[in-house]
Amino acid sequence: TKEGATEAKLILEPPLKMAKMLSPVDNAPDIICCGLNYKQHAKEVGLDIPKLPTLFSKSRNTLQNPYDPIELPSCAENEVDYEGELAVVIGRRGRNIPKEEAMDYVFGYTVANDITARRWQGKKGGGQWF
């Protein structure tokens, strides 16, 4: 039909050109991370698998737009590792949330590129997470 042909033409037209891809989250108040969250990673860094989650934070200035250059500190420029991570975006505040309601607080998911000066963290930085 003529109507079907019009619909097909609209689908085949090229998408709009994107000026710049931006970070899906632009002003996170907190970035809470879970370290050593799978066995192979603990083994890679020579640590025991934790009995409880190993949580740490990253400051909001660690967020950046996809494809932007990553500025490495000169003290660790040859010591950087990277990992693809699943990032969970929490959409509203909560406290003492029952397990069965936890997903009601999740806004969505995105991909994160976790950049870490791992050797600095483990040897030179005193093992502190930040």
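A brief look at the structure comes next. This structure is a prediction, so every number in the text was calculated from the model and none was measured.

Each value, and the rule that gives it
- Throughout, a residue's number is its position along its own chain's written sequence, starting from 1.
- Only residues with pLDDT of at least 70 are given local features in this predicted model, and only at 80 or more are side-chain atom pairs given and counted; all residues enter the totals for whole chains, interfaces and linings.
- Side-chain calculation: all heavy atoms of the structure are included, whereas hydrogens and water are not.
- Note on conventions: DSSP H or I runs of at least 4 residues are helices, E runs of at least 2 residues are strands, and numbering of each starts at the N terminus.
- Here a polar contact means two N or O atoms within 3.5 Å. Within protein one must be a hydrogen donor candidate and the other an acceptor candidate, and residues neighboring in sequence count only if both atoms are side-chain atoms.
- Each residue's exposure class comes from its accessible area (1.4 Å probe, protein chains only) as a fraction of the maximum for that residue type: buried when under 20%, exposed when over 50%, partly exposed otherwise.
- Residue contacts follow a heavy-atom distance rule, with two residues in contact if any of their heavy atoms lie within 4.5 Å.
- Note on aromatic contacts: the rings of Phe and Tyr and the six-membered ring of Trp form a pair at centre separations within 6.5 Å, being stacked when their planes are under 30 degrees apart, edge-to-face when over 60 apart, and tilted otherwise.
- In this scheme, the term charge over a ring applies when either NZ of a lysine or CZ of an arginine sits within 6 Å of the ring centre and within 35 degrees of the ring normal.
- Basic side-chain nitrogens of Lys or Arg form a salt bridge, by our definition, when they fall within 4 Å of a carboxyl oxygen of Asp or Glu.

1. Remarks on the environment of Asn61
Link 1 in the chain: Tracing the sequence through the fold places Asn61 in the loop between β2 (54–58) and β3 (81–90).
Link 2 in the chain: Residues Asn61 and Ala28 lie 33 residues apart in sequence; the distance between their C-alpha atoms is 9.2 Å.
Link 3 in the chain: Side-chain polar atoms of Asn61 contact the side chain of Ser59, separated by 2.5 Å.

2. Examining the environment of Asp114
Link 1 in the chain: Along the chain, the position of Asp114 falls in strand β4 (residues 106–116).
Link 2 in the chain: When its relative accessible area of 13% is taken as the criterion, Asp114 is described as buried.
Link 3 in the chain: Through-space distance from the C-alpha of Asp114 to that of Leu86 is 9.8 Å; in sequence the pair is 28 residues apart.
Link 4 in the chain: Contact partners of Asp114, with chain neighbours within four places excluded, come to Lys58, Asp81, Tyr82, Glu83 and Glu85.
Link 5 in the chain: At a separation of 2.7 Å, a polar atom in the side chain of Asp114 contacts the side chain of Lys58.

3. Here's the deal with the packing of aromatic side chains
For any pair of aromatic rings, the description consists of the separation of the ring centres together with the inter-plane angle of the planes.
Link 1 in the chain: Applying the stated criterion across every chain, the model contains zero aromatic pairs.
Link 2 in the chain: The aromatic ring of Tyr105 is capped on one face by Arg92, whose charged end is 4.0 Å from the ring centroid.

4. Quick look at the pattern of salt bridges
Link 1 in the chain: Counting across every chain of the model gives two salt bridges.
Link 2 in the chain: In this structure, Lys20 and Asp68 form a salt bridge, with 3.0 Å as the shortest nitrogen-oxygen distance. In this pair, Lys20 is assigned in the loop between α1 (2–12) and β1 (31–35) and Asp68 in the loop between β2 and β3, connecting sequence segments 48 residues apart.
Link 3 in the chain: A relative accessible area of 24% places Asp68 in the partly exposed class.
Link 4 in the chain: Lys58 is the partner of Asp114 in a salt bridge, and the nearest nitrogen-oxygen pair spans 2.7 Å. One end of the pair, Asp114, is in strand β4; the other, Lys58, is in strand β2, with 56 residues separating them in the sequence.

5. Structural notes on the environment of Val25
Link 1 in the chain: For Val25, the position within the fold is in the loop between α1 and β1.
Link 2 in the chain: When its relative accessible area of 22% is taken as the criterion, Val25 is described as partly exposed.
Link 3 in the chain: Residues Val25 and Thr110, spaced 85 residues apart in sequence, show a C-alpha to C-alpha distance of 9.2 Å.
Link 4 in the chain: Ignoring any residue separated from it by four or fewer positions in sequence, one finds Val25 in contact with Leu63 and Val89.

Limitation: the analysis is restricted to geometry and does not speak to function.
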